[in-house]
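Commentary on secondary and tertiary structure
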Amino acid sequence: MQHQLPSSFNQMHAQNCSMQTSRRCCFAQRHPGHKATKPKSRCGLVVRAAKQNGDIAQRPVANLENGKAVSGPDLTVKLNGLTMPNPFVIGSGPPGTNYAVMKKAFEEGWGGVIAKTVSVDSSKVTNVTPRYAKLRSNDRQVIGWENIELISDRPLETMLDEFKRLKNEFPDRVLIASIMEEYNKGAWEELIERCEESGVDAFEINFSCPHGMPERKMGMAMGQDPEILQEVCGWINEKASIPVWAKMTPNITDITFPARTALNAGCEGVAAINTIQSVMGVNLKTLRPEPSVEGYSTPGGYSSVAVKPIALAKVMKIGQVIRDEFDNKKDLSGIGGVETGRDAAEFLLLGANSVQVCTGVMLHGYSMVKQLCGELQEFMSEHDFKSVEDFRGASLPYFTSHRELVRMQKENKAKRRGLANDAEWSGDGFVKETESMVAN
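Just so it is clear, the structure is predicted and the values come from calculations on it, not from any experiment. (Residues numbered from 1 in each chain as written. Predicted model: local features only at pLDDT ≥ 70, side-chain atom pairs only at ≥ 80, totals over all residues. Heavy atoms only, no water.)

Focus: the sheet that holds strand 12 (residues 202-206)
In plain terms, the rule: DSSP-based pairing: two strands are paired if at least 2 bridges between them are found. Runs of H or I in DSSP of at least four residues are treated as helices and runs of E of at least two as strands, each being numbered from the N terminus. Axis lines are fitted to C-alpha atoms, over the contacting stretch for helices. Their N-to-C directions set the angle, which ranges from 0 to 180 degrees. Any two residues whose heavy atoms approach within 4.5 Å at even a single point are treated as in contact.
Pairing in this closed barrel of eight strands is parallel, and the strands run 7-8-11-12-13-14-19-20 around the ring. Geometrically, the sheet is characterised by an average inter-axis angle of 25° between neighbouring strands, direction not taken into account. Across three bridges, strand 19 (residues 331-335) lies against strand 20 (residues 354-357) in parallel orientation. Pairing of Ser-333 across the sheet is with Ser-354, part of strand 20. Docked against the sheet, helix 3 (residues 99-108) engages strand 7 (88-90), strand 8 (112-114) and strand 11 (174-179), running at close to 160° with respect to strand 8.

Okay, structure coming up:
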């Protein structure tokens, strides 16, 4: 079925395409006649009261069988030769720390599971507690989360046995091993060989943990050094026979440099972003930083809903690189602040093939995948999208330079919202004047 686009949409798209002629995969070219439509129903979804951050709200809930939606738009995604029943993946961390929790994830319907990061010698890993701290809004909702947790402290043999057990019980589901090692080719090769023998479907390489591991020149320490990253990615891709994703750190000036390096070194995809290095705060009673361990702390990784705008910007940049330099033949897994299906839709619109959730599961549980799928299907129904590929990357063509924004607004000669120039700001009306120029 074809729909007529609103004229303003077509005009804006034409301007953008003339400005970016090298960008072939534009939304209107891929979807001629698209028109957003109001669904007459919620595409066969169950709508029930769902508790989110302490509030009861009506949220669509998808009916999933082995992770696949039994009605409504198709959520199936294919990446690196792997098929997932939906794009939602358990991000590496506590939600993938052992057999019991990973089994729970598959049973609830998650499209894939990335286990907690493993290394050859787990005896070097010692966690502390408390290792989490929350940032709350004025209404006490959790909007930020810091962790100082390390990679898996369980013996590699134990984790490999559990990988085998999971693949025996869920042979059609995607299980990904997250791996990390020191600057040692032999250790990387051993880890890859042993993980592949367990039957995992792909690797995610942790080049981005921002705490603890960089002290051993691991994690973020590698992801911030393009020369080391290129060499290690070369070792990994030479040894691995299954798809490899490189997990990117946001704690770098330009995330496209390590992303491009990893992709050029043979990685089939990248994942972004890992947590942002942070200090959650200082307790004003004790004057000690949080989370406090024996009165002391260390900078940790920041996540949850407050990081989403930062994550979207990084994903957008990588999405442009994959589109413009790799002809959309590499994959991108988006991470950062996803708690609803509409959050996920934004990452997919910027080019992600899948979306990872970690902190959200720690706050809301594994069953949240049913709401994620239901809300994503609701968004798709509103626009008459039948599959994720119908809209993946569709918003990328609408990013441009500030110079182009000025040019387009001048050519359009539309009445400007808010103040015309800086001389119009006034002290008394400052807040209202600010609000007059807010887009949303």
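There's plenty left to go through after this.
Here's the deal with the packing of aromatic side chains
Put simply, the rule is: Each Phe, Tyr or Trp ring (for Trp, its six-membered ring) is paired with any other whose centre lies within 6.5 Å, and the angle between the two planes then decides the class: stacked below 30 degrees, edge-to-face above 60, tilted in between. Burial status follows relative accessibility: with a 1.4 Å probe on protein chains alone, a residue under 20% of its type maximum counts as buried, one over 50% as exposed, and anything between as partly exposed. Note on geometry: a ring has a charge over it if NZ (lysine) or CZ (arginine) is within 6 Å of the ring centre and within 35 degrees of the ring normal.
The full count for this structure, using the stated rule, is eight aromatic pairs. Measuring from centroid to centroid gives 6.2 Å for Trp-188 and Phe-207, while their planes differ by 45°, and the two rings are tilted. With Trp-188 in helix 5 (residues 185-197) and Phe-207 in the loop between strand 12 and helix 6 (220-223), this pair connects stretches of sequence that are 19 residues apart. Considered together, Trp-188 and Phe-207 belong to a single accessibility category, that of buried residues. Put simply, the rings of Phe-379, Phe-385 and Phe-391 touch in pairs and so form one group of aromatic residues. In this structure, Arg-165 packs its charged tip against the face of Tyr-99, placed 3.7 Å from the ring centre. Directly above the aromatic system of Phe-257 lies the positively charged group of Arg-260, at a separation of 6.0 Å from the ring centroid.

Points about empty space enclosed by the protein
Rule in force here: Throughout, the protein atoms alone are placed on a 1 Å grid, and a set of points is a cavity if a 1.4 Å probe fits but cannot get out or a pocket if it is open with protein on both sides within 12 Å along at least five of seven lines; lining residues have an atom within 4 Å of a point. Grid points are joined across faces, edges and corners, and a volume is the space filled by probe spheres set on the points.
Applying the stated rule across the entire model yields one cavity of 30 Å³ or more. As a volume, the largest cavity reaches approximately 520 Å³. Taken together, 36 residues line the largest cavity, and the ones lying closest to its centre are Ser-92, Asn-147, Asn-274, Thr-275 and Cys-358. Those elements that place two or more of their residues in the lining of the largest cavity are strand 10 (142-147), strand 18 (300-303), strand 20 and helix 11 (359-364).

Topic: the side chain of Gln-377
Our working rule: Two N or O atoms count as a polar contact when they lie within 3.5 Å, although within protein this holds only if one can serve as hydrogen donor and the other as acceptor, and sequence-adjacent residues are included solely when both atoms are side-chain atoms.
On the secondary structure map, Gln-377 appears in helix 12 (residues 368-382). Here the side chain of Gln-377 touches Pro-73 through a polar contact of 2.8 Å, landing on its backbone oxygen.

Focus on the nonpolar core
Operational definition: Throughout this description, the term nonpolar core refers to a set of buried Ala, Val, Leu, Ile, Met, Phe, Trp, Tyr and Cys residues connected via side-chain atoms within 4.5 Å.
If you look at the biggest cluster of nonpolar residues, it comprises 100 residues, and the most contacted ones within it are Trp-110, Ile-179, Phe-203 and Phe-207. With near-sequence residues (within four places) excluded, Phe-203 lies in contact with Ile-176, Ala-177, Ile-179, Ile-192, Cys-195, Glu-196, Ala-240, Ile-242, Pro-243, Val-244 and Trp-245. Listed in part, the seven residues of the second largest apolar core include Val-125, Leu-150, Ile-151 and Met-213.

Some details on the sheet that holds strand 10
Two strands in a sheet stick together by hydrogen bonds in their backbones, pointing the same way (parallel) or opposite ways (antiparallel). Reading across the sheet, the four strands line up as 9-10-18-15 and stay open at both edges, with antiparallel pairing between neighbours. Each edge of the sheet is formed by a strand with only one pairing partner; in this case those strands are strand 9 (132-136) and strand 15 (276-278). The mean angle between the axes of side-by-side strands here comes to 35°, regardless of whether they run parallel or antiparallel. Judged from the three bridges that link them, strand 10 and strand 18 form a sheet pairing that is antiparallel.

What to know about helix 3
Along helix 3, the residues that are buried comprise Tyr-99, Val-101, Met-102, Ala-105, Phe-106 and Glu-108. Looking at the buried residues of helix 3, the elements they touch are strand 3 (64-65), strand 7, strand 8, helix 4 (156-169), strand 11 and helix 12. Taking the backbone nitrogen of Ala-100 as reference, a side-chain oxygen 3.1 Å away marks Asn-98 as the first, capping residue of helix 3. Directly after helix 3, the chain includes Gly-109, whose backbone phi takes a positive value near 120°.

Concerning the confidence of the model for the chain
The line we're drawing: Residue-level confidence of the predictor, termed pLDDT, takes values from 0 up to 100.
With 87% of its residues at a pLDDT of at least 70, the chain reaches an overall mean of 89. Of the regions scoring below 50 in pLDDT, residues 1-33 engages in 54 contacts with residues more than four places distant in sequence or in other chains. Low confidence marks residues 37-43, where pLDDT is under 50. Its contacts with residues over four positions away, or in another chain, come to 18 contacts.

Considerations on the packing of helix 3 against helix 4
Applicable threshold: Every angle not falling under 35 degrees, over 145, or within 65 to 115 is termed oblique; those three ranges are roughly parallel, roughly antiparallel and roughly perpendicular. Take the far helix as your reference; a near helix turned counterclockwise from it by less than a right angle gives a left-handed crossing, and one turned clockwise gives a right-handed crossing. Three classes are used, and their members are as follows: Ala, Val, Leu, Ile, Met, Phe, Trp, Tyr, Cys and Pro are nonpolar, Asp, Glu, Lys and Arg are charged, and the others, Gly among them, are polar.
Viewed as axis vectors pointing N to C, helix 3 and helix 4 meet at an angle of 25°, and their least axial separation amounts to 10 Å. Classified by the interaxial angle, the pair formed by helix 3 and helix 4 is roughly parallel. Of the two possible hands of crossing, helix 3 and helix 4 adopt the one that is right-handed. Facing helix 3, whose interface residues are Tyr-99, Met-102, Lys-103 and Phe-106, helix 4 presents Glu-162, Phe-163, Arg-165, Leu-166 and Glu-169. Classifying every residue of the contact of helix 3 with helix 4 gives five nonpolar, no polar and four charged.

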